[in-house]
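# Per-entry structural report
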Amino acid sequence: YNTGLALREGFANAAPHWVLDGENASNPSAGGFQLESPDKATICNGDTNETWVAGTFWDLLDRHGDDKDILWFNNAAEVFSIYLNKGVKNGMKNYRQDYRDAASSGHQTYIDDIYKNNTITVP
């Protein structure tokens, strides 16, 4: 695993969940694995694992609040639009500031909470 591969695969895993389950799903299961609450005991942590990257994308766009995931973008497509329009970057960590910049004033720390909840370290 590496951050570039995990980023591409995580995006490829998150997009069908959104298309098939929609952002209002509380426990999406498209593709056979859970994005809302991956098993921290069996999946290696961080943005070198596509499951955590997919979970981060999902938590940025879903409207279901869980743990510290209480933020969503008004237009769920914006989550993927930010990723696709900010150019090629090495890993999910490198998009954190882009999502923080797009969040409403005062909500930037919720982006950090989503990253941390998906085992992706933030500075």
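Whatever comes next refers back to the structure up there.
Residues numbered from 1 in each chain as written. Predicted model: local features only at pLDDT ≥ 70, side-chain atom pairs only at ≥ 80, totals over all residues. Heavy atoms only, no water.

## Things to note about the pattern of salt bridges
Counting across every chain of the model gives 3 salt bridges. The partner of Arg-96 in a salt bridge is Asp-112, and the shortest N-O contact between them spans 2.6 Å. Here the residue Arg-96 occupies a position in helix H4 (residues 96–102), and Asp-112 occupies one in helix H5 (residues 108–117), the gap between them amounting to 16 residues. Comparing Arg-96 with Asp-112 shows no difference in burial state: the two are buried. Between Arg-100 and Asp-112 there is a salt bridge, and its shortest N-O distance comes to 2.8 Å. Note that Arg-100 is positioned in helix H4 and Asp-112 in helix H5, a separation of 12 residues in sequence. Owing to a relative accessible area of 18%, Arg-100 belongs among the buried residues under this scheme. (Salt bridge = Lys/Arg side-chain N within 4 Å of Asp/Glu carboxyl O. Helix = DSSP H or I, 4+ residues; strand = E, 2+ residues; numbered from the N terminus. Buried < 20%, exposed > 50% of the residue type's maximum accessible area, 1.4 Å probe, protein only.)

## Remarks on the side chain of Asp-47
With respect to the helices and strands, Asp-47 occurs in the loop between helix H1 (3–21) and helix H2 (50–61). Within the buried set, Asp-47 has no salt-bridge partner at all; the shortest N-O distance to an opposite charge, 4.3 Å, is to Lys-93. Within the local environment of Asp-47, its side chain forms a polar contact with the backbone nitrogen of Met-92, the two atoms lying 3.5 Å apart. A distance of 3.2 Å separates the side chain of Asp-47 from the backbone nitrogen of Lys-93, its partner in a polar contact. When residues no more than four places from it in sequence are discounted, the contact partners of Asp-47 are Asn-2, Thr-3, Ala-6, Val-53, Gly-91, Met-92, Lys-93 and Ile-120. (Lys, Arg positive; Asp, Glu negative; His and termini not counted. Polar contact = N/O pair within 3.5 Å; in protein donor to acceptor, adjacent residues only side chain to side chain. Contact = heavy atoms within 4.5 Å.)

## Considerations on the side chain of Asp-98
Tracing the chain through its elements places Asp-98 in helix H4. If near-sequence neighbours (up to four positions away) are discounted, Asp-98 is found in contact with Ile-82, Lys-86 and Lys-89.

## A short note on the nonpolar core
A general feature of soluble globular proteins is that nonpolar side chains tend to end up buried together. Within the largest apolar cluster, 28 residues are counted, with the highest numbers of intra-cluster contacts made by Phe-57, Leu-60, Phe-73, Met-92, Tyr-99, Ile-111 and Tyr-115. For this core, the secondary structure elements donating two or more residues are H1, H2, helix H3 (77–85) and H5. In terms of residues, this core owes the most to one element, H2, which gives 6 residues. Ignoring anything within four residues of it in the chain, the contact list for Tyr-99 reads Phe-57, Leu-60, Phe-73, Val-79, Ile-82, Tyr-83, Met-92, Ile-111 and Tyr-115. (Core = buried A, V, L, I, M, F, W, Y, C linked by side-chain atoms within 4.5 Å.)

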